[in-house]
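Results of the structural survey
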Amino acid sequence: MLALAGALGTLKLCPALAQASATIAAQPYFANVKRAIESLARLGAPIAAEDARRIATLERAGDAAAVDSAEQLLEGYTLARLSLNGDRSVHVELGGARRTLVEQGWRMFLVRIANPSGYTQRAAFSTDDLAAPARMRPGGTGTRSRSQRAGLFDTVNTEPLIARMWLLAQLCDTSPVLSAGLEMPTILLTGLPIEYCVIQLFSRDQGQRRASLQFSVLSDSDKDSRDESAREFDFDCLRSRSIALGVLDADGRACLASLTIKDKAGRICPPMAMRIAPDMAFQPQVYRADGESVCLPDGEYLIESKRGPEYLSALQTIGIDESHTRIDVRLQRWIDPAKWGWYSGDTHLHAAGCAHYELPTEGVSPETMVRHVRGEGLAIGDVLTWGPGYYYQKQFFSGHAVSPAATLEHPKLQLANNANWQTRATPKDDETTLRYDMEISGFPSSHAGHLVLLRLREQSYPGAKLIEEWPSWNLPILRWAKSQGSIAGYAHCSSGLEVDSTELPNYEIPAFDSIGANECIIDVTHGAVDFMSGANGPPAAELNAWYHILNCGFRLAMVGETDYPCIVPPDDGRPGIGRSYVRLEQRPVGDSGYNAWVENLQKGRLYYGDGRSHFLEFAVNRRSNGHDDLTLDAPQPVEVTATVAAWLASNPSSEALKVAKHEDWNIEHARIGNTREVPVELVVNGTAVQQLRMVADGTPRPIAFTAPIAQSSWIALRVMASAHTYPIFVDVGGKPIRASKRSARWCRACVDKLWEVKSPFMRENERTAAAAAFEHARNVYDTITGECELD
Amino acid sequence: MRWVSALALAIFKLAHAYAEDHDERHELQAGQRSESRAALIRIVINPETRISVSRVGQLPSTTSCGKPLILPVEIVNQGFVTAPLEASVVDGASEDISVEFPTQPLTGRDEERRILRVTLRKPGASDITVAFRARRGFPDLGGRDRIHLLLRCSP
């Protein structure tokens, strides 16, 4: 083969590579290469920027020479070259990448598979003693299974098992098959003559190490039958140092913060692949407290530190070597709303169930959740148990607010894995409170919209032992929740309510074809719902239904939520992307603090948004929101006053703009042209009636409007896509708010549409009661329509 | 002569209508047969409406250029989603490749079948990525809402 390649005159290129590349079509080859390169980048180990540009150029050329050049370039990233021969025998060779691993870290490589015969079986590439410690996976083989179990071998003492393993290998983008009774992660060969996949290798240890890597191709008909070949690889495992962290808040007190650490090659450290809780595979950042540590090999690092949207993101470059083993972070705030009495909370967080928890675990503990919530500077985090993970996570429900120490939830695994970082408490830990509650998602009623039930005392619906036995529509669940003092509302309200129009208000009837505030429009007429949740969907779709409901005279809060980590953008997975600010006399701590927070949320002493705009004061004729209505004897102008602060970077980084692109609520969307200004709008009965421009430089600024009020009305302020206040209600002449016939008609039409779309999903024996509840809503909206004077 | 022309036109229209109807019925029957075949692609819509796609069967080794390749799709709908499920070619979409997927809304039932039709026009191998998304739904964060298909066609 060498002689043949030489005769063909393929210079510099490895002969085996040249021989194969001459026969491959460029389009499928580059499509596959591009995916492999994207996988490396997604895992925090991108190829060099220059090489990425070169691959893009070669892809555009799209000929055999381009394939040859790409092969040569990719050889430097390739750990192993595998050959699947015509007789189905397999062969493993060393690739051209430097076989350097990192103690306590993951390194990613390409694996090249030559498959000239075009086989399309499943293949696996693994260490000879492959196992997956510290990993949980969905139980059962059915796609419908929602149970969970630990993925470790069936043994009581797992530590000796783990202690023997110094190397883990994991192919990317695998699907499991049962082979010899075990679930084996495999890739499905495409049949291309050459294809690349990504392998991740974790070294627990440092120094020179040797391991045998094995390539297997499974038989089509019998998954237990395979052709395989193994080869020994020598690795140089770089020593990692335990780097002490100093993390101080803006007030000089120790705290917990979010740190994103990249090496000079742009690799995320600790690597995102296969992190063990509390570090998550879907986040580039890790959360660390003052006095804790990270493991890093010698080198130069770029460190970004922050603690939620009230802080400025800070960057520093640090060299790590024998004499530099410490990183100090001093956080900087641009605003502290707590000084005005506003305390932030995210009412929609999950500790399990989203696909993002498949690695490293299927669910995490309160000790992990509280670390993430503290690291984003939230005072309150509502951790909601939902369908996937329900039976496991319900153990953490106590009916009380908690603020646990942010300890490691798998200390034995960490120890066996030679991960020696110790957790540390900080003086600010008590400033963050968790409450475990429920989201009714993945339940029989979920077609009617997902409910968020806060401050539950009891989490099992009467008579229902299994999820499948819960009601198939929402009102009974809301009544049960309210009967125990819960505060209840609808999650991600825009989902299924988005229409073509982005006008506010608009009168298009949504399809109600998804999981937003569907039945809310009925339930509000029964006094059973306290809030809708937004800040994680298109603003117009979130606000339109809310405005129409308020125009009918109902009192309903809109709260900010994230639905972490289910609805987070790819580049900004964190709690508190959407958040509510609730006004209190003092910081909410313990049960009494949590009760005060949710009660004031229910009363409407709140604003919500992305945390980058703040309505620190808001009053109409000196009456603040969440207090008694302002009463006027007759129509007259009112004075609207507020103190508003907002933050926009003068020159936003490309990363910040990329994040904003994926977030519906992000102050970047409010930026006026290329200025640093945002519009502050006065909203009366759902219509923006006045607007002023404000510099978003973080300075709290007083603003004022004068607005004529002709009838009982609601008045709010907003910075579109960044923040919105709860309204102040104005009672004119003792009449209820009946702001718009068209709003009432919209609600009435939605009831009909909802019945058409949702009633088929209700159980037959519940449909009569549901029909009566819907009919009640129709009657209420008909009555309100008749009471409205204005169209 | 006019009535002869009119008759000829009527016969032509009838024949054309029959042919169209026949094609349509044939297509429908083929579709129904395909729907009842084992799915090659499985789409799971989780309770939060996130979509993940996986290949669950062997793709045909080759097809005729210009003729739609019929790929049965199984949809597991855990989110009661009744929005249309849309399919689109990611990157590399060109006149050489087209994808058709039914645009009618999902039923919301926990399982249903659809047919994905892929037409290749350029002879040889093509590697295409098809992304699925419930209309106005949330895209998946981990790229699980897309599937890669290596298909070949010959003239």
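Residues numbered from 1 in each chain as written. Chains lettered and ligands numbered in written order. Predicted model: local features only at pLDDT ≥ 70, side-chain atom pairs only at ≥ 80, totals over all residues. Heavy atoms only, no water.

Re the overall build of chain B
Looking only at helices and strands, one finds one helix and nine strands in chain B. Within chain B, buried positions represent 44% of all 155 residues. Taking the intrachain contacts of chain B between residues at least 6 apart in sequence as the baseline, contacts between residues at least 24 apart amount to 68%. If you sum the accessible surface of chain B, you get close to 8,100 Å²; carbon and sulfur atoms cover 55% of it. (Helix = DSSP H or I, 4+ residues; strand = E, 2+ residues; numbered from the N terminus. Buried < 20%, exposed > 50% of the residue type's maximum accessible area, 1.4 Å probe, protein only. Contact = heavy atoms within 4.5 Å. Areas by Shrake-Rupley, 256 points an atom, 1.4 Å probe, with all protein chains shown as cover.)

Regarding the pattern of salt bridges
Opposite charge on two side chains makes pairing possible when the charged atoms of those side chains draw close. Within this structure, the stated rule accounts for 50 salt bridges over all chains. In this structure, R288 of chain A engages D279 of chain A in a salt bridge whose closest nitrogen and oxygen atoms are separated by 2.8 Å. Taking relative accessible area as the criterion, R288 of chain A reaches 2% and is therefore assigned buried. A salt bridge links D145 of chain B to R146 of chain B; the shortest N-O distance between them is 3.2 Å. When its relative accessible area of 5% is taken as the criterion, D145 of chain B is described as buried. Look at the salt bridges and you will find they share partners, linking D249, D251, R253, R307, K428, E431 and R587 of chain A into a network. (Salt bridge = Lys/Arg side-chain N within 4 Å of Asp/Glu carboxyl O.)

Thoughts on the state of the cysteines
For the structure on display, the rule yields one disulfide over all chains. Here C65 of chain B pairs with C153 of chain B through a disulfide, and the sulfurs are 2.1 Å apart. Its S-S torsion of about 85 degrees marks the bond between C65 of chain B and C153 of chain B as right-handed, since a negative value means left-handed. Of this pair, C65 of chain B sits in the loop between β3 (63–64) and β4 (69–77) while C153 of chain B sits in strand β9 (residues 146–154); the two residues are 88 residues apart in sequence, bridging distant segments of the chain. Take C520 of chain A: it sits in no disulfide, and the sulfur closest to it among the cysteines is that of C493 of chain A, at 8.2 Å. Here C552 of chain A stays free of any disulfide, with the sulfur of C747 of chain A as its closest cysteine sulfur at 4.1 Å. (Disulfide = S-S within 2.5 Å.)

A look at the packing of aromatic side chains
Residues and elements named next belong to chain A. In total, this model carries 24 aromatic pairs over all chains according to the counting rule given. Their ring planes at 65 degrees and their centres at 4.8 Å tell us that W342 and Y607 sit as a pair that is edge-to-face. Taken as a pair, W342 in strand β24 (residues 342–349) and Y607 in strand β33 (residues 606–609) lie far apart in primary sequence, 265 residues in all. Residue W342 shares its accessibility class with Y607, and that shared class is buried. For the ring pair Y461 and W470, a centre distance of 5.5 Å and an interplane angle of 40 degrees mean the geometry is tilted. Each member of the pair, Y461 together with W470, is buried. Each member of the aromatic cluster is reached from another via a ring pair, and the members are Y390, Y391, F443, Y461, W470 and W480. Taking NZ or CZ as reference, R288 lies 3.8 Å from the ring centre of W421, over its face. Here R555 stacks its cationic end above the ring of F729, 3.7 Å away from the centre of that ring. (Phe/Tyr/Trp six-rings, centres within 6.5 Å; stacked < 30°, edge-to-face > 60°. Lys NZ or Arg CZ within 6 Å of the ring centre and 35° of its normal.)

Topic: the interface of chain A and chain B
Interface size is commonly expressed as the accessible area that is lost once the parts come together. Listed per partner, the contact involves 49 residues of chain A and 33 residues of chain B. Carbon and sulfur atoms make up 52% of the area that chain A and chain B hide from each other, which totals about 3,200 Å². Applying the counting criterion to the chain A and chain B interface returns one salt bridge. Seen at the junction of chain A and chain B, the total is eleven residue pairs in polar contact (both at pLDDT 80 or more). Split by residue class, the side of chain A that touches chain B holds 20 nonpolar, 18 polar and eleven charged. (Buried area = accessible area lost by both parts, 1.4 Å probe. Polar contact = N/O pair within 3.5 Å; in protein donor to acceptor, adjacent residues only side chain to side chain. Nonpolar A, V, L, I, M, F, W, Y, C, P; charged D, E, K, R; others polar.)

Structural notes on the nonpolar core
Side chains that are nonpolar tend, in soluble globular proteins, to be buried together. All names here are of chain A. In this structure, L453, W470, I521, M532, I549 and Y781 are the most contacted members of the largest nonpolar core, which totals 88 residues. If we skip the residues at most four places from it in the chain, L453 touches D437, M438, I440, I477, L478, W480, A481, S486, I487 and A488. Counting residues in each nonpolar core, the second largest holds 37 residues, with A642, A645, V678 and F705 among its members. (Core = buried A, V, L, I, M, F, W, Y, C linked by side-chain atoms within 4.5 Å.)

A look at the environment of L40 of chain A
Residue and element names in this part refer to chain A. Relative to the helices and strands, L40 resides in helix α3 (residues 26–42). With 439 residues separating them along the chain, L40 and R479 place their C-alpha atoms 50 Å apart. Excluding residues within four positions of it along the chain, L40 makes contact with A45, P46, I47, M108, F109, L110 and V198.

What about unusual backbone geometry?
Residues and elements named next belong to chain A. Across the junction of L504 and P505, the peptide omega takes the value -10 degrees, indicating a cis bond. Tracing the sequence through the fold places P505 in the loop between β29 (487–490) and α11 (520–523). With an omega of -5 degrees, the peptide bond running from Y564 to P565 counts as cis. Notably, F512 is not glycine yet its phi reads approximately 50 degrees, a positive angle. Topologically, F512 is positioned in the loop between β29 and α11.

Things to note about the packing of α3 of chain A against helix α4 (residues 49–61) of chain A
Residues and elements named next belong to chain A. Remark: α3 packs on α4, axes separated minimally by 10 Å, with the N-to-C direction vectors making an angle of 160 degrees. In this view, α3 runs roughly antiparallel relative to α4, as classed from their interaxial angle. Handedness of the crossing formed by α3 with α4: left-handed. Contacts between α3 and α4 involve F30, V33, K34 and I37 on the former and, on the latter, I55, L58 and E59. Split into classes, the residues belonging to the contact of α3 with α4 amount to five nonpolar, no polar and two charged. (Axes fitted to C-alpha atoms, helices over the stretch in contact; angles between N-to-C directions. Parallel < 35°, antiparallel > 145°, perpendicular 65-115°, else oblique. Left-handed = near helix turned anticlockwise from the far one by under 90°.)

Observations regarding the environment of M438 of chain A
All names here are of chain A. Summarising the element assignment, M438 is placed in strand β27 (residues 433–440). A residue is classified by how much of its surface remains accessible, and M438, at 0% relative accessible area, is buried. With sequence-adjacent residues up to four places away left out, M438 is seen in contact with L384, T385, Y390, F443, L451, V452, L453, L456, Q459 and W470.

Points about the confidence of the model for chain B
Low-pLDDT stretches of the model should not have their predicted coordinates read in fine detail. Residues and elements named next belong to chain B. Across chain B, the average pLDDT comes to 78, with 74% of residues at or above 70. The weakest mean pLDDT in chain B belongs to helix α1 (residues 2–36) at 47; the strongest belongs to β4 at 95. Contacts of residues 1–28 to residues separated by more than four positions or lying in other chains number two contacts, the stretch itself having pLDDT below 50. As scored by the predictor, the complex reaches a pTM of 0.83 and an ipTM of 0.76. (pLDDT = per-residue confidence, 0-100.)

A few points about the sheet that holds strand β4 (residues 105–114) of chain A
All names here are of chain A. Taken in spatial order, the five strands line up as β2-β1-β4-β11-β8 in an open sheet, and their pairing is mixed. Both outer strands of the open sheet, β2 (90–94) and β8 (167–171), are each paired with one neighbouring strand and no more. Each neighbouring strand pair of the sheet contributes to a mean axis angle of 25 degrees, computed without reference to strand direction. For strand β1 (residues 78–84) and β4, the ladder comprises five bridges, and the chain directions are parallel. Bridging across to β4, S83 finds its partner in A114. (Pairing = 2+ DSSP bridges.)

A few points about the pairing of β4 of chain B
Residue and element names in this part refer to chain B. Here β4 lies mainly inside the structure; nine of its nine residues are buried. Burial of β4 is two-sided: the residues L69, L71, V73, I75 and N77 facing one way and the residues I70, P72, E74 and V76 facing the other way are all buried. Where strand β1 (residues 41–45) and β4 come together, five bridges link them in parallel fashion. Its bridge partner being in β4, I45 is matched across the sheet by N77.

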